[in-house]
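Structure assessment
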Amino acid sequence: MLSEEVKTAYDNFYTNSDVAWRMLGAKYKAQNIVDVCKGIKPQKVLEVGAGDGSILHFLNEWNFAPELYALEIAQSGVELIKERKLSRLVLAQSFDGYKIPYEDNAFDLVILAHVLEHVEHERILLRELKRVARYIVVEVPKDYRFGVDKRMKHFLDYGHINMYTPTSLRFLLQSEGLEILEDKVSMTAPETTKFNEFINRKAPKTFSKNLKIELEYRLKKVLGNFLGRKKQEQFANAYTVLTQKSDSNLHIF
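Residues numbered from 1 in each chain as written. Predicted model: local features only at pLDDT ≥ 70, side-chain atom pairs only at ≥ 80, totals over all residues. Heavy atoms only, no water.

1. Describing the pairing of strand S2 (residues 67-72)
For S2, the tally of buried residues reaches 5 of 6 residues, placing the bulk of the element in the interior. Relative to S2, strand S1 (residues 44-48) is paired through 5 bridges, and the arrangement is parallel. Paired with glutamate 47 across the strands is alanine 70, a residue of S2. The handedness of the S1 to S2 crossover, carried by helix H3 (residues 54-61), is right-handed. Bridge count between S2 and strand S3 (residues 89-94): 5 bridges; the pairing is parallel. (Buried < 20%, exposed > 50% of the residue type's maximum accessible area, 1.4 Å probe, protein only. Helix = DSSP H or I, 4+ residues; strand = E, 2+ residues; numbered from the N terminus. Pairing = 2+ DSSP bridges. Right-handed = clockwise from strand over helix to strand, strands pointing away.)

2. Some remarks on helix H7 (residues 166-175)
Those residues of H7 lying buried are Pro166, Leu169, Arg170, Leu172, Leu173 and Ser175. For H7, the secondary structure elements touched by its buried residues are helix H5 (122-132), strand S5 (133-141), strand S6 (178-186), helix H10 (229-235) and strand S7 (238-245). (Contact = heavy atoms within 4.5 Å.)

3. Thoughts on the environment of aspartate 52
For aspartate 52, the position within the fold is in the loop between S1 and H3. Here the side chain of aspartate 52 touches serine 54 through a polar contact of 2.5 Å, side chain to side chain. (Polar contact = N/O pair within 3.5 Å; in protein donor to acceptor, adjacent residues only side chain to side chain.)

4. Comments concerning the packing of helix H2 (residues 16-36) against H3
Orientation of H2 relative to H3, taken along the N-to-C sense of each, is 55°, at an axis distance of 8 Å. Considered as vectors, H2 and H3 are oriented oblique to each other. Seen along the crossing, H2 lies across H3 with a hand that is right-handed. Seen from H2, the contacting residues are Arg22, Met23, Ala26, Lys27, Lys29, Ala30, Ile33 and Val34; seen from H3, they are Ser54, Ile55, His57, Phe58 and Leu59. (Axes fitted to C-alpha atoms, helices over the stretch in contact; angles between N-to-C directions. Parallel < 35°, antiparallel > 145°, perpendicular 65-115°, else oblique. Left-handed = near helix turned anticlockwise from the far one by under 90°.)

5. Brief notes about the environment of serine 208
Along the polypeptide, serine 208 turns up in helix H9 (residues 207-227). Exposure remark for serine 208: the relative accessible area of 51% places this residue in the exposed category. A distance of 3.4 Å separates polar atoms of two side chains, one belonging to serine 208 and the other to threonine 206.

Remember, this is a structural readout, not a statement about activity or role.
See below:
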């Protein structure tokens, strides 16, 4: 759970519930990144589309890498990142969304978490990531699923202009000359679902609703473990992939 210190520190940025919601989501995104990167030890890490620095907060706290860098389109986001005063943050700056202002191979790892679904020219951005880093972590929400037509307005309201499945993301990355090293599917944790239901949506907090959220999560976990990877991908809410530049360095265009 988030500490009162974290909530209080960002009262000037958002309401307490907004901060807690962002930090709660960021905690799990950061954990997914750490999980797929267990086999590497990056020294210089760049997060592209870093938002307000919520993910970087946890990577800094968990000593993920000695040097952290951030790029964000919105200057207001850059200022929020700087306000965090992260001990391992070397530089946070704005960029145009595509051109990364660093030389070739400047970083060991680039992170692109919940950004690609917003990007019009996704391949152009991926080629820039590949130019500046050996390893790339991409995490996307798994928006595409049965009955998605009924939720299109929801995704568009959040600025999602691309939808991915694990298969379609793997194909996109491999078609851009990236070799997949590790990947992970993840479901929304019960504490996040409860926060969204009872705090964001202000639904009445009842014992039955609380129990339903817990049981649904546990049932999907059990079924996924029993029925295998395809079922896990079906239940997943996010997909995280660690890639590296392929030896073949495929160029389609």
